[in-house]
Amino acid sequence: MENVTITINGRSVSAPAGSTILEAARLANITIPTLCYMKEINEIGACRICVVEVKGAKTLVTACVYPISEGMEVWTNTPRVLAARRTTLELMLSNHNRSCLSCVRSGSCELQALCKQYGVENEAKYDGAKTLSEIDDSAAHMIRDNSKCILCRRCVAVCKETQGIGVIGASNRGFKTAITSAFEMGLGDTSCVSCGQCIAVCPTGALQEKDNTQQVFDALADPDKVVLVQTAPAVRAGLGEAFGYPIGTDVQGKMAAALRALGFDKVFDTNFGADLTIMEEANEFVQRVKNGGMLPMITSCSPGWVKYCEHYFPEMTENLSSCKSPQQMFGAVAKSYWAEKMGIDPKKIVMVSVMPCTAKKFEIHRADEDANGVPDVDIALTTRELARMIDRAGIDFRALADENFDQPLGSGTGAAVIFGATGGVMEAALRTAVYMITGEDAPSVDFTEVRGVEGIKEATYEIDGVGPVKVAVASGLANARDLLKKVRSGEADYQFIEIMGCPGGCVNGGGQPQVPYGIRNFVDIRAERAKVLYNLDAKNLLRKSYENPDIQELYKNYLGEPGSEKAHHLLHTTYVKRTVNRVYGK
Ligand code: SF4
Ligand code: SF4
Ligand code: SF4
């Protein structure tokens, strides 16, 4: 592409034609602050934090949307620019509740960081009336507090564009503008799927998960309870960021040590549940192929995706695998097999999960997720909540020595750990499905065609005895929608589909530590975190779920075969057909 040369702060900068001032500045390592801007998702130039001076322009221009032209002269930090940014921040604060002392985002809030950078005092310069707002806590997974909202519309864009849902949008005009659900319904009454992507992109404390940390502290302090914890694969790839580690740092060992220091009776790994899911799901797929069952079979381990399917493609719920998610399978087995082995009443067990996902908070309350007459999982925390607990308990995370998970429910293969990245469940299932069909190991464990962060991936694999098996992988629900429309119209004829609700899979889940968009716009956090999981897979001596000796033992001594009656009772579930409640969006 042709390049254009401009000057920024007196320096000559060359950038591809069509670039914005922000992109050109980035190429020259010149930082221009942003707030509302999300590359390719929310390019609306609304917040005006990125204003700069351009020679000849009458007013300051917004760098995130203003295209460069040959010979343009730009200044990013003149007194006029700095004053304008400061005034913008002061106006934002004038309609903000400014409870930084106790705000969940204090320390990671992008608004707070900008106020500090530009010397804006907490005492508002422009004080006056405030837009009236109420806290919406109607959803199972999150709380919306518009008194901290700065109307950047990042949440609206991610919900509508990335997730294809659109249950939130700007209502009213001028001073009364607010981000709400249609007809000001509570979010819990809409067809929100609980993905939490809006929380992940919100720069302030206006959106947050429902905090269950005190419930866990209370359980840990109760001598009559046996408190178990399981941690999802993606948590080990994200938790370190909350303690200052670079994006893409593996903190599995420190995480296990921190959980033990918090006082959990057993520190287990959801990877065990993931291996179990693969045994059941691969078996279900093989049975559907051999017996003419409903195809394509679609994975069911992402509760955001499952809820989306129930609302938006209810006619396809029969395509969903009946397998519970790894989180739920783990809880069901912990409260039956493990409890019996240990002689513990399942009613005494408090099963806590740590997940990269807010939809898990919804999932634990679903019907048919209580195989032992008690909930499979009692409390689902996000990665962020675990970080908060570690911090509150005064544990010096960075100083912890690595520790291992407890056994036997702490074992997992390489196939299990890649569940956290888009394509990982498909790859793990194929490794085992090939074995179940042919009785032999797959020629290679690396199904690289389904790896990577692209929103939709396709591949065809030749399996002896079955012939070509066409598979597809989608992550992010707008991509899932596009893929399923093709399946519904007959344009695509896959046998097996993996869908993850969050773009890039669980590594980019709505419960992971928030990364400021000043970084996210230029670093692909999905790819960086996924590398952690693929490295753990490559390092593991066991890379196929059927090789996990503790899973073999579980089937031999307790469940019988994959798909057995007992396995069905404990490990499989049912779905409902829901309706759509929305006005915003398409
Ligand atoms: S959202 Fe940010 S600025 Fe507002 S109260 Fe919370 S930390 Fe303070
Ligand atoms: S949780 Fe997901 S579906 Fe619900 S409002 Fe947020 S982005 Fe939209
Ligand atoms: S809720 Fe958060 S992301 Fe949404 S508009 Fe308000 S500040 Fe922006």
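For the structure, see preceding data.
Residues numbered from 1 in each chain as written. Chains lettered and ligands numbered in written order. Predicted model: local features only at pLDDT ≥ 70, side-chain atom pairs only at ≥ 80, totals over all residues. Heavy atoms only, no water.

**Things to note about the overall build of the protein**
As a reminder of what qualifies: Working definition: helices are DSSP H or I runs of at least four residues, strands are E runs of at least two. Numbering for both runs from the N terminus. Put simply, the radius of gyration uses C-alpha atoms, and a globule should come to 2.2 Å times the residue count raised to 0.38. Remark: exposure states derive from per-residue accessible area (1.4 Å probe, protein chains only) relative to the maximum for the residue type, with buried under 20%, exposed over 50%, and partly exposed in between. With residues, only the protein chains shown are counted as cover, and all accessible areas are computed by Shrake-Rupley using a 1.4 Å probe. Two residue types count as positive, namely Lys and Arg, and two as negative, namely Asp and Glu; His and chain ends fall outside the count. Where a charge lies is defined by one atom per residue type: Lys uses NZ, Arg uses CZ, Asp uses CG and Glu uses CD.
Scanning the protein from terminus to terminus reveals 19 helices and 18 strands. Scaling as 2.2 N^0.38, a compact globule of 586 residues should have a C-alpha radius of gyration of about 25 Å, and the protein matches this with 25 Å. With the principal axes as the frame, the protein shows a C-alpha extent of 75 × 55 × 50 Å. Taken over 586 residues, the protein has a buried fraction of 59%. Carbon and sulfur atoms make up 50% of the accessible area of the protein, which amounts to about 23100 Å² in all. Here the protein contributes 63 positive and 70 negative side-chain charges, whose respective centroids are spaced 7 Å apart.

**What to know about the site of ligand 3**
Heads up, the rule is: Consider each residue's heavy atoms; a residue with any of them within 4 Å of a molecule or strand counts as near. Charged means Asp, Glu, Lys or Arg here, nonpolar means Ala, Val, Leu, Ile, Met, Phe, Trp, Tyr, Cys or Pro, and polar covers whatever is left, Gly included.
Inspection of the region around ligand 3 gives 13 residues, with Cys-149, Cys-152, Arg-153, Cys-155 and Cys-202 positioned closest. Within the shell around ligand 3, the residues separate by chemical class into ten nonpolar, one polar and two charged.

**Considerations on the site of ligand 2**
In the region of ligand 2, the neighbouring residues are His-141, Cys-159, Ile-165, Val-167, Ile-168, Leu-187, Cys-192, Val-193, Ser-194, Cys-195, Gly-196 and Cys-198. Taken together, the residues that form the shell around ligand 2 break down as nine nonpolar, three polar and no charged.

**Let's talk about the sheet that holds strand β18 (residues 496-500)**
Worth spelling out the cut-off: For two strands to be treated as a pair, DSSP must find no fewer than two bridges joining them. In what follows, a contact means two residues having at least one pair of non-hydrogen atoms within 4.5 Å. A fitted line through C-alpha atoms serves as each axis, taken over the contacting stretch for helices, and the angle formed by two N-to-C directions is quoted from 0 to 180°.
Within the open sheet, the four strands sit side by side as β13-β18-β17-β16. Their pairing is mixed. Each edge of the open sheet carries a strand with a single partner, namely β13 (297-298) and β16 (456-463). The pairing of β13 with β18 spans two bridges and is classified as parallel. Looking at the pairing, Ile-298 lines up with Ile-497 of β18. Strands β16, β17 (467-475) and β18 of the sheet are contacted by helix α14 (residues 424-438), whose axis makes an angle of about 155 degrees with β18. The strands touched by helix α15 (residues 477-489) within the sheet are β13, β16, β17 and β18, with β17 carrying the most contacts at an inclination of about 145 degrees.

**Things to note about helix α12 (residues 383-392)**
Within α12, eight of the ten residues are buried, which leaves the element mostly enclosed by the surrounding structure. All of the buried residues along α12 are Thr-383, Arg-384, Glu-385, Leu-386, Ala-387, Arg-388, Met-389 and Ile-390. Looking one or two residues past α12, Gly-394 carries a phi angle of roughly 75 degrees, positive in sign.

**A few points about the packing of aromatic side chains**
Condition: Here the aromatic set is Phe, Tyr and Trp, taking the six-membered ring for Trp, and pairing holds for ring centres within 6.5 Å; pairs whose planes are under 30 degrees apart are stacked, those over 60 apart are edge-to-face, and all others are tilted. We call a charge positioned above a ring when the Lys NZ or Arg CZ atom is no farther than 6 Å from the ring centre and deviates by at most 35 degrees from the ring normal.
The full count for this structure, using the stated rule, is twelve aromatic pairs. Relative to Tyr-308, the ring of Trp-305 has its centre 6.4 Å away and its plane inclined at 35 degrees; by these criteria the two rings are tilted. Taken together, the residues Trp-305 and Tyr-308, both in helix α9 (residues 303-312) and three residues apart, mark about one turn of the helix. Taken as a pair, Trp-305 and Tyr-308 share a single burial class, namely buried. Residues Tyr-435 and Tyr-546 carry aromatic rings whose centres are separated by 4.0 Å and whose planes lie at 10 degrees to one another, so their mutual orientation is stacked. On the criterion of sequence distance, the pair formed by Tyr-435 in helix α14 and Tyr-546 in the loop between α17 (525-539) and α18 (549-559) is long-range, its members being 111 residues apart. Judged by relative accessible area, Tyr-435 falls into the partly exposed class, the value being 33%. Of the residues examined, Tyr-546 reaches a relative accessible area of 10% and is grouped as buried. These aromatic residues form a ring-pair network of at least three members: Phe-268, Phe-272, Phe-330 and Trp-338. Across from the ring centre of Phe-522, 4.2 Å away, lies the NZ or CZ of Arg-26, which sits over that ring.

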